[in-house]
Amino acid sequence: MKISKIVRSDLKEIATFLQSVFISKDFTYDYLNWLYFKNPNGNVLGFNAFIKEKIVGHYALIPLQASLNGRKKTILLSLNTGIDKEYRNKKLFIELAKKTFNYAIEKDYDHVIGVANANSIRGFKKYLGFEVLHNLDAIITFALPKYKKRESFIVWDEDNVNWRLSSPKTKFFTKKGYIFSSFKKIFTAIHSMREDQKNLKKKILIPPFLVISSRKAYSFNKLFTFKLPNAFKPSPLVLIRKDLNKTQDNLDNLLITSIDFDIF
């Protein structure tokens, strides 16, 4: 087995591998090139595991700008973890993740966050030392929510906004200062972003709206809002973090919404 850093020349192989692991056509070359190598905050950090030139394992982190209690800092978002079914339960995931974390420490990163589901959270906590910050809520609402002031949040400056909204995977639109996308062709998903984006198309707002976020990121009209039962929640839904350098920084009040991580 050969383990090597993620590089652009491997993207076609990575795309094929992730499409197979997740049974999804979302992982195209263009999407991964955008996500891994066009991010204004820096390129992907991560590793692939190869057996005879075939990828059997993949772990990736991407950098994001954050404001943590008033301090601007670049943190890392964990995403796109995949292990070939023949190599699962052999600690390959742990090896790839630990190599990535060590590389991140060399690059002076302090924090990794992730949004995990019920199937993966145990492994992140038990084997990789992640801690749970809080659960994310999935809300169905027939009235637009209001943004709430946050002490810690993901920063979307002009460069980051232009990059995020140019995702080859997601078609965004705007109305009344909100950013929306279609989710499963059923719901209109609301993404938190205050400025009305001139480069996005405007569409008629048709409820119900789906909101996936930290509970305190919005305020809702209770008469027109319903919390989805766990059995119906789209995954992932738990915000986790790893302190790479034992900084003891308080991230408990980090509030995120669906624009901050990549599920749509």
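What comes next concerns the included structure. (Residues numbered from 1 in each chain as written. Predicted model: local features only at pLDDT ≥ 70, side-chain atom pairs only at ≥ 80, totals over all residues. Heavy atoms only, no water.)

### Focus: the packing of helix α3 (residues 92-106) against helix α4 (residues 121-128)
The following threshold applies: Throughout, an axis means a line fitted to C-alpha atoms (over the contacting stretch in the case of helices), and angles, computed between N-to-C directions, take values from 0 to 180 degrees. By definition, any uninterrupted DSSP run of H or I lasting at least four residues is a helix, any uninterrupted run of E lasting at least two residues is a strand, and each is numbered from the N terminus. By definition, turning the near helix anticlockwise from the far helix through less than a right angle yields a left-handed crossing, and turning it clockwise yields a right-handed one. Contact definition: two residues touch when any of their heavy atoms are within 4.5 Å. Note that Gly is not counted as nonpolar here; it falls among the polar residues with everything else outside the nonpolar set of Ala, Val, Leu, Ile, Met, Phe, Trp, Tyr, Cys and Pro and the charged set of Asp, Glu, Lys and Arg.
For the pair α3 and α4, interaxial distance at closest approach is 11 Å and the crossing angle is 65°. Crossing hand, α3 versus α4: right-handed. Touching F93, I94, A97, K98 and F101 of α3 are F124, Y127 and L128, all from α4. A breakdown of the residues in the contact of α3 with α4 according to their chemical character gives seven nonpolar, no polar and one charged.

### Notes on the nonpolar core
Our working rule: Here, nonpolar core refers to any group of buried Ala, Val, Leu, Ile, Met, Phe, Trp, Tyr and Cys residues whose side-chain atoms link them within 4.5 Å. Residue burial is assigned from relative accessible area. The probe radius is 1.4 Å, only protein chains are included, and a residue is buried under 20% of its type maximum, exposed over 50%, and partly exposed in between.
If you look at the biggest cluster of nonpolar residues, it comprises 50 residues, and the most contacted ones within it are L32 and Y36. In this view, Y36 contacts I6, L11, L18, G42, N43, V44, H58, A60, I62 and N80; residues no more than four positions away in its chain are not counted. Core analysis: the next-biggest nonpolar cluster, separate from the first, contains 26 residues, L61, Y103, I121 and L128 among them.

### Thoughts on the pattern of salt bridges
Filter applied, for reference: Note on definitions: salt bridges are taken to be side-chain nitrogens of Lys or Arg within 4 Å of carboxyl oxygens of Asp or Glu.
Evaluated as defined, the whole model comprises six salt bridges. Among the salt bridges present, the one from R71 reaches D249, with a minimum N-O distance of 3.5 Å. Placement of R71 in strand β4 (residues 71-83) and of D249 in the segment after β15 (238-243) is noted, with a sequence separation of 178 residues between them. Across the pair D249 and K73 runs a salt bridge, and its minimum N-O distance is 3.2 Å. Taken together, the positions of D249 in the segment after β15 and K73 in strand β4 put the pair 176 residues apart, joining distant regions of the chain. Grouping residues by exposure puts D249 and K73 together as buried.

### What to know about the packing of helix α1 (residues 11-22) against helix α2 (residues 29-37)
Counted only if it meets this: Roughly parallel refers to an angle under 35 degrees, roughly antiparallel to one over 145, roughly perpendicular to one between 65 and 115, and oblique to any angle outside these ranges.
For the pair α1 and α2, the least separation of the axes is 9 Å and the interaxial angle reads 110°. Judged by the inter-axis angle, α1 sits roughly perpendicular to α2. At the point where α1 passes α2, the crossing takes the right-handed sense. Together, L11, K12, I14, A15 and L18 of α1 and Y29, L32, N33, Y36 and F37 of α2 make up the contact between the two elements. Tallied by class, residues from the contact of α1 with α2 come to eight nonpolar, one polar and one charged.

### Considerations on the side chain of T225
Operational definition: Polar contact criterion, stated in full: a pair of N or O atoms within 3.5 Å, where within protein one must be able to donate a hydrogen and the other to accept it, and residues adjacent in sequence count only if both atoms are side-chain atoms.
Along the chain, T225 turns up in strand β14 (residues 225-227). Polar side-chain contacts of T225 include one of 2.8 Å to the backbone oxygen of N221. Here T225 is in contact with I139, I140, T141 and F220, once residues within four sequence places are set aside.

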